Amino acid sequence: MAQTSILTDSSVQFTKHSMNGRNLIEVVPFHVQEMGSEQDVGNKILQYPVSSTQKPLPVVEPPTVAEYAQAIRNLGQYSQDIIALSVSSQLSEAYQNLHEAVKQTQGRARVHEVDTQTIGLGLGYLVQQAAELANRGVSADQIEYLMRGQVPHIYAQFCLPCLTYLTRPALIGYPQAVVGEMLNILPVFSFEEGKLISIEKVKNYRALLDYFQEFLDEFNELDAIAVMQSVPSLLQDARALKEHANSNFPRVPFSEHSLNPVIAAMFGPRSVGIFAMENPGTI
């Protein structure tokens, strides 16, 4: 009987294609639907509008309390402990729903809830770490402790040009968003304590690559670097970023990934991002 399982949500995106402990991970889905429809549109990112001025934006719903509760019950049949790693509570109600589900299923298994304060590749990095530790037989209490220690060491910057998407989390007003899209403004946001903070505007995607390179230059040591590409790709010369990363961090894995459908539905299909993961040295 597996001692520890890992529970997460479908905003997750793994930085590695294979890992030890993959069989210990359970993913509860977000639901992405067309406005006025209850049918999930799934991975059809190319069908997402780039602006709400074209057509209604996709509706993003987090995993429900019932879905989390069912997942906990399922995992509780063969796991004594569950490490539940959730997308940032500042971006979604997923963590709140998870917390409510844990209260409803007390006694099934011991659930260790962690608000990762990140999303996508940052969340995936933590889930991978937790799964590999669980596969090695590390105790659930120690895994929770290590994951909480890792959370502040995951950094990300996003370029989010689909500005009308950002009116839903009230990051920008609608008139300002429409004008920004008309002017092709490319805003850059930093992920800080689970929230998106506007930090810069760049003129074009060549300037964005330079900005991402400067972001990497802030670090002395990293454990992984991952790039999140829009669909279709807007970073036409992403190779330069990879070469810069390999030059500064020759032993650090660098990976490129297509945009996660949940993130695309939250922030728009032209979203681009970079994640830098430090290892605090305790894993």
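Conventions used here
- Residues numbered from 1 in each chain as written.
- Predicted model: local features only at pLDDT ≥ 70, side-chain atom pairs only at ≥ 80, totals over all residues.
- Heavy atoms only, no water.
- Phe/Tyr/Trp six-rings, centres within 6.5 Å; stacked < 30°, edge-to-face > 60°.
- Helix = DSSP H or I, 4+ residues; strand = E, 2+ residues; numbered from the N terminus.
- Buried < 20%, exposed > 50% of the residue type's maximum accessible area, 1.4 Å probe, protein only.
- Pairing = 2+ DSSP bridges.
- Axes fitted to C-alpha atoms, helices over the stretch in contact; angles between N-to-C directions.
- Contact = heavy atoms within 4.5 Å.

Q: Teacher, can you tell me more about the packing of aromatic side chains here?
A: The description of an aromatic ring pair uses the distance of the two centres, along with the angle that the planes make with each other. If you walk through the whole model with that rule in mind, you get five aromatic pairs. A ring pair is formed by F158 and F191, whose centres lie 5.6 Å apart and whose planes are at 75°; its orientation type is edge-to-face. Placement of the pair is F158 in strand 7 (residues 154–159) and F191 in strand 8 (residues 186–192), with a sequence separation of 33 residues. The pair formed by F158 and F191 is uniform in burial state, with each residue classed as buried. An aromatic cluster is built from F158, F191, F267 and F275, whose rings are joined through pairwise contacts.

Q: Please explain the sheet that holds strand 5 (residues 81–86) as it appears in this structure.
A: Pairing between the strands of a sheet is mediated by backbone hydrogen bonds and can be parallel or antiparallel. Read from one edge of the open sheet, four strands run 2-1-5-6, paired in parallel fashion. Pairing within the sheet leaves two strands with one partner each, and these edge strands are strand 2 (25–28) and strand 6 (110–115). The average undirected angle you get between the axes of adjacent strands in this sheet is 20°. As judged from the four bridges shared by strand 1 (residues 4–9) and strand 5, these two strands associate in the parallel manner. Residue pairing across strands places T4 opposite D81, the latter belonging to strand 5. Packed on one face of the sheet, helix 4 (residues 140–150) meets strand 1, strand 5 and strand 6 and runs near 5° to strand 6.

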